[in-house]
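Report on the structure
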Amino acid sequence: KIKGGLFLIKALKHLHSKYPDLLLLNIGSYDNTVLNGLPNRRIDIPYIGDPVLLAEYYAAADIMVMPSQLENLSLAICEAMACGTPVIAFAVGGNPEIITHRENGYLARPFKWEELVAGISFFLENDQHRHTAGQKARLTIIKQFNSKRMADSYIELYEEVLKNNTGGWR
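In short, a report on the structure. It should be emphasised that the depicted structure is a prediction, and the values quoted were computed from it without experimental measurement. (Residues numbered from 1 in each chain as written. Predicted model: local features only at pLDDT ≥ 70, side-chain atom pairs only at ≥ 80, totals over all residues. Heavy atoms only, no water.)

The subject of this paragraph is the overall build of the protein. Helix and strand content of the protein: 7 helices and 5 strands. Mapped in sequence order, the helices and strands of the protein form the string α-β-β-α-β-α-β-α-β-α-α-α. For the protein, the proportion of its 170 residues judged to be buried stands at 37%. Restricting to contacts in the protein with at least 6 residues of sequence separation, those with at least 24 account for 45%. Element-wise, carbon and sulfur atoms account for 56% of the exposed surface of the protein, whose accessible area totals about 10500 Å². Here the protein contributes 18 positive and 18 negative side-chain charges, whose respective centroids are spaced 5 Å apart. (Helix = DSSP H or I, 4+ residues; strand = E, 2+ residues; numbered from the N terminus. Buried < 20%, exposed > 50% of the residue type's maximum accessible area, 1.4 Å probe, protein only. Contact = heavy atoms within 4.5 Å. Areas by Shrake-Rupley, 256 points an atom, 1.4 Å probe, with all protein chains shown as cover. Lys, Arg positive; Asp, Glu negative; His and termini not counted. Charge placed at Lys NZ, Arg CZ, Asp CG, Glu CD.)

Okay, here's the thing in structure tokens:
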């Protein structure tokens, strides 16, 4: 429920008449019975522990839809973007910090399945835009999450804490 599967189901049902050949690649779900009524073709893949294989699946996808109702900083979103796959997600939690609307992904208004439809259509209707967004998604992750930038951010934080420590805890 928290991962927003019901929103995705509504969106996919709505999109079926416009995109009858749409294929859902469902990765990692334990119970897929909720998807049984979907008119879309789908492939269910259990949890993937091999990071290279997972990256190949992400890179093979045209888009990733992450309809979670609650996210902090989703590793799955970061992984997909690192593989050059634009992500459609609700603008919740940390999603707006890594997804730039219509640039490297699509931020849907929270809990509006119609917004997921708009995001999916936005990328499926323009191959060049989807390709460019995928490139920008990858660059976003490389820029924001490289080891040097992360180490520098920790150093800045530690220096700020030390500077502001006025004799309290040590």
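Text resumes after the structure shown.
Trans is the common state for peptide bonds, and a negative phi is the common state for residues other than glycine. Notably, arginine 102 is not glycine yet its phi reads approximately 65 degrees, a positive angle. Along the chain, arginine 102 falls in the loop between helix H4 (95–98) and strand S5 (105–108). We classify arginine 102 as partly exposed; its relative accessible area is 39%. Residue phenylalanine 111 is not a glycine yet carries a positive backbone phi of 70 degrees. When you line up the elements, phenylalanine 111 lands in the loop between S5 and helix H5 (113–124).

What follows concerns the sheet that holds strand S3 (residues 64–66). Here we have 3 strands laid out as an open sheet, ordered S3-S4-S5, and parallel in their pairing. Sheet topology places S3 and S5 at the edges, where each strand pairs with a single neighbour. Mean inter-strand twist for the sheet, computed between neighbouring axes without regard to direction, equals 15 degrees. In this structure, S3 lies alongside strand S4 (residues 87–90), joined through 3 bridges in parallel fashion. Looking at S4, one finds that methionine 64 is bridged to valine 87. Where H5 meets the sheet, its contacts fall on S3, S4 and S5, and the angle it forms with S5 comes to roughly 165 degrees. (Pairing = 2+ DSSP bridges. Axes fitted to C-alpha atoms, helices over the stretch in contact; angles between N-to-C directions.)

Across all of its chains, the model carries 0 disulfides by this definition. In this model cysteine 78 remains outside any disulfide bridge; the closest cysteine sulfur is found in cysteine 83, 11 Å from its own. (Disulfide = S-S within 2.5 Å.)

Take it as geometry only, folks, not as evidence of what the structure does.
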